[in-house]
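Chain by chain, the residues:
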Amino acid sequence: MTTGNSGSPISRYTKDRKVGEGTYAVVYLGKQVNNDRKIAIKEIKTGLFKDGLDMSAIREVKYLQELHHINVIELIDVFTAHNTNNLNLVLEFLPGDLEVLIKNTSVVFKPSDIKSWLLMTLRGIHHCHRNFILHRDLKPNNLLLSPTGELKIADFGLARAMGNPNEDLTSNVVTRWYRAPELLFGAKHYVEAVDMWSIGIIFAELMLRTPYLPGKDDLDQVDVTFRALGTPTEQNWPNVSNLPLYNALKVYPPPSRQELRNRFSAATDTALNLLCSLTELNPGKRCTSTQALLHEYFTESPAPTLPSELPKNDVAGGDSDDDEPENKRRKV
Amino acid sequence: MIEDDRSKDMCPICKTDRYLSPNMVFLINPECYHKICESCVDRIFSLGPAPCPYPKCGKILRKNKFKRQVFDDLVIEREIDIRKRVNSIYNKTEEDFESLESFNSYLEDVENIVFNLTNNVDVEQTTKDLNKYEEEHKIEILEKNMRESQKNADFVKYQESIAQLKHEKMRIQQQMELEDLEYQRQQKQVLLDKLASNPGGSSEELIAQSNSNILKRSSLRKRQFQQLTNQLDQRIQTSNPFKRGRSSESDEVGSSTPFTPFKGDRDLNKRYTLLDTGKTDADVSTGTYHDPYVSGLAKNKEFLGAGWRLELVFERALDEAFMGMGCFIDKEKELKAEVKLEGGDGISV
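Chain B has the name RNA polymerase II transcription factor B subunit 3 in an unreviewed UniProt entry, where [Candida] railenensis is given as its organism. Quoted verbatim from the Subcellular location (unreviewed entry) field of the UniProt record, the comment on chain B reads "Nucleus".

Going by an unreviewed UniProt entry, chain A carries the name [RNA-polymerase]-subunit kinase and comes from [Candida] railenensis.

Colleague: Kindly report on the overall build of chain B, identifying the contributing residues and their values.
Modeller: Helix and strand counts for chain B stand at twelve helices and seven strands. When the 349 residues of chain B are sorted by exposure, 23% land in the buried category. Sequence-distant contacts in chain B: of pairs separated by 6 or more residues, those separated by 24 or more amount to 50%. As presented, chain B carries roughly 25,900 Å² of accessible surface, and 54% of it is formed by carbon and sulfur atoms.

Colleague: Could you give an account of the UniProt feature "binding site: ATP" (unreviewed entry) in chain A, naming the residues involved and the relevant values?
Modeller: All names here are of chain A. According to UniProt, the positions carrying the feature "binding site: ATP" (unreviewed entry) are V19, G20, E21, G22, T23, Y24, A25, V26, V27 and K42. Spatially, the listed residues are clustered: although they cover 24 residues, their C-alpha atoms lie within 14.4 Å of one another. Here G20 shows up in strand β1 (residues 13–21). G20 sits in the buried class, given a relative accessible area of 14%. By secondary structure assignment, the location of E21 is in strand β1. Take E21: its relative accessible area is 47%, and that puts it in the partly exposed class. Polar contacts involving the side chain of E21 include one to the side chain of K18, which spans 2.7 Å.

Colleague: Could you give an account of the UniProt feature "active site" (unreviewed entry) in chain A, with specific residues and numbers?
Modeller: All names here are of chain A. The UniProt record annotates "active site" (unreviewed entry) at D137. Summarising the element assignment, D137 is placed in the loop between β7 (133–134) and β8 (143–145). On the accessibility criterion, D137 (8% relative accessible area) is buried.

Colleague: Tell me about the confidence of the model for chain B, and please be specific about residues and values.
Modeller: In regions of low pLDDT, the predicted coordinates are not meant to be interpreted in detail. Residue and element names in this part refer to chain B. Confidence in the prediction for chain B averages 80 pLDDT; 85% of positions are at 70 or higher. Model confidence for chain B, summarised as mean pLDDT per element, is weakest for helix α8 (residues 243–256) at 44 and strongest for helix α4 (residues 100–118) at 90. Contacts for the low-pLDDT stretch residues 243–255, under 50 throughout, to residues beyond four places or in other chains number four contacts. The low-confidence segment residues 343–349, where pLDDT is below 50, has seven contacts with residues more than four positions distant or belonging to other chains.

Colleague: Tell me what's going on with the environment of A:V78, and back it up with residues and numbers.
Modeller: All names here are of chain A. Positionally, V78 belongs in strand β4 (residues 75–80). Relative accessible area serves as the criterion here: at 26%, V78 is assigned to the partly exposed category. As a C-alpha pair, V78 and N88 span ten residues in sequence and 5.6 Å in three-dimensional space.

Colleague: So what about the packing of aromatic side chains? Which residues, and what values?
Modeller: Within the structure shown, the criterion is met by 16 aromatic pairs over all chains. Judged by centre distance (5.9 Å) and plane angle (55°), the ring pair of B:Y90 and B:Y106 falls under tilted. Here B:Y106 lies in helix α4 and B:Y90 lies in the loop between α3 (74–89) and α4, a separation of 16 residues in the sequence. On the basis of relative accessible area, B:Y90 is assigned to the buried category, the value being 12%. Put simply, the rings of B:Y90, B:F97, B:F103, B:Y106 and B:Y133 touch in pairs and so form one group of aromatic residues. Geometry around A:F132 places B:R316 over its ring, the cationic atom sitting 5.6 Å from the centre. A cation over an aromatic ring shows up here: B:K331 above the ring of B:F328, its NZ or CZ 5.5 Å from the ring centre.

Colleague: Now, about the interface of chain A and chain B: what can you tell me, with residues and values included?
Modeller: Taken together, the 39 residues of chain A in the interface contact 32 residues of chain B. Both sides of the chain A and chain B interface together cover about 3,100 Å² of buried area, and 57% of this is carbon and sulfur. Scanning the region where chain A abuts chain B turns up one salt bridge. Linking chain A to chain B there are nine residue pairs in polar contact (both at pLDDT 80 or more). If you list the elements that add at least two residues to the side of chain A that touches chain B, you get α3 (111–130), α7 (257–263) and α9 (289–293) of chain A. Of all the elements, α3(A) adds the most residues to the side of chain A that touches chain B, at five residues. Class assignment for the residues of the side of chain A that touches chain B results in 16 nonpolar, 15 polar and eight charged.

Rules of the game
Residues numbered from 1 in each chain as written. Chains lettered and ligands numbered in written order. Predicted model: local features only at pLDDT ≥ 70, side-chain atom pairs only at ≥ 80, totals over all residues. Heavy atoms only, no water. UniProt positions renumbered as here; feature names shortened; annotations may be inferred. Helix = DSSP H or I, 4+ residues; strand = E, 2+ residues; numbered from the N terminus. Buried < 20%, exposed > 50% of the residue type's maximum accessible area, 1.4 Å probe, protein only. Contact = heavy atoms within 4.5 Å. Areas by Shrake-Rupley, 256 points an atom, 1.4 Å probe, with all protein chains shown as cover. Polar contact = N/O pair within 3.5 Å; in protein donor to acceptor, adjacent residues only side chain to side chain. pLDDT = per-residue confidence, 0-100. Phe/Tyr/Trp six-rings, centres within 6.5 Å; stacked < 30°, edge-to-face > 60°. Lys NZ or Arg CZ within 6 Å of the ring centre and 35° of its normal. Buried area = accessible area lost by both parts, 1.4 Å probe. Salt bridge = Lys/Arg side-chain N within 4 Å of Asp/Glu carboxyl O. Nonpolar A, V, L, I, M, F, W, Y, C, P; charged D, E, K, R; others polar.

Set out below in structure tokens:
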């Protein structure tokens, strides 16, 4: 492809290598021609849907265009090539994600590393919530890591803005294991608290190095969640029984502090406090991103690790183009 | 291979097999490193020093020198033994030297000796030197040993006290939890009794009262517990010789890079104050804002159960109304352009 700063969008980027393909899109690795910056191009397949474009692509473009934050993935450009009519999203290239790192047992997480990742996630989500955007699909797999160690929230395919108060929202969002209890009950008017729950579960997963609440199916998820955290009642969560799917629950007692301490043996008391307030069953009492960031967990020693010093999975060769294929971006 | 494995599990003296007596233990002696099972050692050496029963070995061994093998590889086992012995003689640490260089050359000397002894190079000369050094520095070595053991004892004491503190805290908390449960049960019983004794009275009032009782007590208990743990913490702080230096150090590090939770991404300067939201339709007095439609939604229990709040709607409307005030896009663009020119890498700022 030819160089040139201005000119048609395609000549500003190169598509070097295909790194992944999903139902809705193909992901290529490429470069921004004028500064050699690595990028990922997500080419959305058109013609698959009778209504035109895939909803998640529209959502991704819509919200990423608005959000600019160090802990949110950057949408550099959007273009369509005249010959194919496909929609192309140019995103910054991020070689790793948190899920791979959690699964890689040869990497040891220090408490300060976990703190740093949680801090960056909270900063990113705080920026979204500040702009009244719900992410609705937070999971380790969607928290990507830049070569400098910065964590970036990605995949805004399920994101949406807080609607009008009377609008219904679908409760069928968020990957099952990270789904908040109000969503399990089929709530249609949830708020930012659903994202905070997911972050709480991710926090637990970072400490345990294994998924915290792995439900086998939607019903099992309810059981697993309440076995770990207690069944909500009208006392600790007023009006819960008015949610559509709240019925015939097996009643589990809430876990005692000691049980939690045994489960998270490496966590300090402050860390447990934060975890408890993030995984508070009642969404009205669950802590917000602002409250979480102001929590004393972050000021307590040890200080969060600097992003550049965080553990990485594989040291992706700086200039060489032969990154591991497993390092490809997430499924699309 | 199979042959090898079997010989590994069999005592070459009495031919006892691990397969038949799974409890058998092999011992070795650092004189010759020949493997002998425990019962053989008891049998042969209990009457005093005797020669090694291995053919063509014949070294005189003593029972008290026999020990369990730690490393599978006998070469490593032997090197560790030698290292232990040499280090007990050459036991200086870095603080005994004026410069790093002299300490390093000392370490190199030690390594040389260990290497010679393990690889059988100049063994006689080296042992002679080693013995000579030991003779000459006897008092120094002893002194150093005393100091080190004192240090170790201090550290062990410190660790013990920390563990004790943790244990104590846990015990108190557990006890409190138990007591709380008992108290709640009692309250429930009292409430039931009360309800039973006056069937005409309003039951809801009584329930509310007992709930508030429980709440009051639990917050009191929390404070009590906090106080107790603080006391314990303080006690350990004052008695601990190590912590002091460290804590002041970490303070210095902390103050040099202040922690900013939001990194500036927070709107502290809200340009409005939220008025009271009128709770009922009738409550449209001054100082409140009442929107009949949204307030109507606030009565919907399904909305409330999902975490929806009336205030959130108003806050959002106001935030959005004032968002971007005080931002000058032209100015920011200029700034951005400047940075781009300086940096030249074009990564957005």
